[in-house]
Amino acid sequence: SQASLVFMSHTQDPEHARRMVSLSEGRPLHLAHATAAGCGTHANGASGMADVLSLVDGETITAEFVSSMLLKSRGRRDGMKIHPAAQELAYKALQSGKVEIIVSDGQSGATMKGFGNTADNIPCIFHLAELSVLSLSNAVAAMTCNPARLLSQRTGNRFFAEKLGHLAPGAFACITVADPDSQQVVYTIVNGQIVAFDGSLVRESFSAGGLISKYGISMRTGVGDLSLYQG
């Protein structure tokens, strides 16, 4: 907290999450992948999810849900699935505003895998809106301005809230246009450059993004950055 860093813990084991909250002693703690507690690997899925959510106050103790586990499938075939009752608890936490952040877990080909995939982000936004769990704008905010706001609060750096997660003048305009019928991305714009169109990457725009840290953004990092910007 004094170093303005984000202190966070995984939550697949509800007992571990409770221990971390106790150790935080009132200091800010973020519970990552909170829906993992609902998969039943360390406790009953529904009771494990309830235990983790009981720790969250939305202020000092915050949490996030994984997009894949909020879909009708309750997870991906190559990963873990959340218990139906635990998923309902997650929906209620989103509706009440107790949890305001939704994330993914990288690509299916990643080294560490099991909780989700970025390909599920857009379908999750539409799914939550269709279920009336969240309005469409609030579902979008859960993946954009809400995490940016939390990062600004925890790091003390206004850069995240001022420059990321929204389209106000002066912000880094990262825009994803999606088709609500197919629930697929049509094209993606990063800092004014089209980087993907209809599922295909635009090679000329591989370096459109930047490296984000608590100090702000570095557009290029110099020698050796090629692989960083091709990911």
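Refer to the structure above for everything that follows.
Because the structure is predicted, anything quoted here is derived from the model rather than measured. Position numbers for residues start from 1 in each chain and track the written sequence from start to end. Reporting of local features is limited, given that this is a predicted model, to residues whose pLDDT is at least 70; pairs of side-chain atoms are given and counted only at 80 or more, and all residues count toward the totals for whole chains, interfaces and linings. Note that the side-chain values use all heavy atoms of the structure and ignore hydrogens as well as water.

1. A short note on the overall build of the protein chain
Put simply, the test is: The helix and strand labels rest on DSSP assignments: H or I over at least four residues marks a helix, E over at least two residues marks a strand, and numbering proceeds from the N terminus. C-alpha atoms define the radius of gyration, and 2.2 Å times the number of residues to the power 0.38 defines the globule rule. Burial classification: accessible surface area is computed with a 1.4 Å probe over protein chains only, and a residue below 20% of its type maximum counts as buried, one above 50% as exposed, and the rest as partly exposed. Two residues qualify as a contact provided that any one of their heavy atoms is within 4.5 Å of a heavy atom in the partner residue. For the accessible areas, the method is Shrake-Rupley and the probe is 1.4 Å, while residue cover comes only from the protein chains on display. Under this rule, positive means Lys or Arg and negative means Asp or Glu; His and the chain ends count for nothing. One atom stands in for each charge, and that atom is NZ of Lys, CZ of Arg, CG of Asp or CD of Glu.
Within the protein chain, the secondary structure is distributed over eight helices and eleven strands. Scaling as 2.2 N^0.38, a compact globule of 231 residues should have a C-alpha radius of gyration of about 17 Å, and the protein chain matches this with 18 Å. Based on the C-alpha atoms only, the size of the protein chain along its principal axes is roughly 50 × 45 × 35 Å. Per-residue burial over the protein chain gives 41% buried out of 231 residues. Taking as baseline every contact in the protein chain between residues at least 6 positions apart, the subset at least 24 positions apart corresponds to 52%. Element-wise, carbon and sulfur atoms account for 55% of the exposed surface of the protein chain, whose accessible area totals about 12,300 Å². Of note, the protein chain has its 18 positive side-chain charges centred 3 Å away from the centre of its 19 negative side-chain charges.

2. Focus on the sheet that holds strand S6 (residues 175-179)
Strand pairing in a sheet takes place through backbone hydrogen bonds and is either antiparallel or parallel in direction. Spelled out, the test is: A pair of strands is treated as paired once DSSP finds two or more bridges between them.
With antiparallel pairing, the four strands of this open sheet are ordered in space as S6-S7-S8-S9. Each having just a single partner strand, S6 and strand S9 (200-201) make up the two edges of the open sheet. Across four bridges, strand S7 (residues 184-190) lies against strand S8 (residues 193-197) in antiparallel orientation. Looking at the pairing, valine 190 lines up with glutamine 193 of S8.

3. Brief notes about the packing of helix H1 (residues 14-24) against helix H2 (residues 45-55)
This is how it is decided: Note on geometry: axes are C-alpha line fits, over the in-contact stretch for helices, and angles between N-to-C directions span 0 to 180 degrees. Should an angle fall under 35 degrees it is taken as roughly parallel, and over 145 as roughly antiparallel, whereas 65 to 115 is taken as roughly perpendicular and any remaining angle as oblique. Following the grouping adopted for this structure description, the nonpolar residues are Ala, Val, Leu, Ile, Met, Phe, Trp, Tyr, Cys and Pro, the charged ones are Asp, Glu, Lys and Arg, and the polar ones are all others, Gly among them.
Where H1 meets H2, the closest approach of the two axes is 9 Å, and the angle between their N-to-C directions is 10°. Taken as axis vectors, H1 and H2 run roughly parallel relative to one another. On H2, the residues that touch Pro14, Ala17, Arg18 and Val21 of H1 are Gly48, Asp51, Val52, Ser54 and Leu55. Its residues placed into classes, the contact of H1 with H2 shows five nonpolar, two polar and two charged.

4. Here's the deal with a nonpolar patch on the surface
Test applied: Here, patches come from residues exposed beyond 30% relative accessible area and free of salt bridges, joined within 9 Å for like charges and within 5 Å for nonpolar side chains (Val, Leu, Ile, Met, Phe, Trp, Tyr). A side-chain nitrogen of Lys or Arg and a carboxyl oxygen of Asp or Glu constitute a salt bridge if their distance falls within 4 Å.
A contiguous nonpolar patch, built from Val6, Met8 and Leu151 and spanning about 220 Å² of accessible area, is present on the exposed surface. Take leucine 151: it is sitting in helix H6 (residues 145-155).

As far as function goes, none of this settles anything; it's purely spatial.
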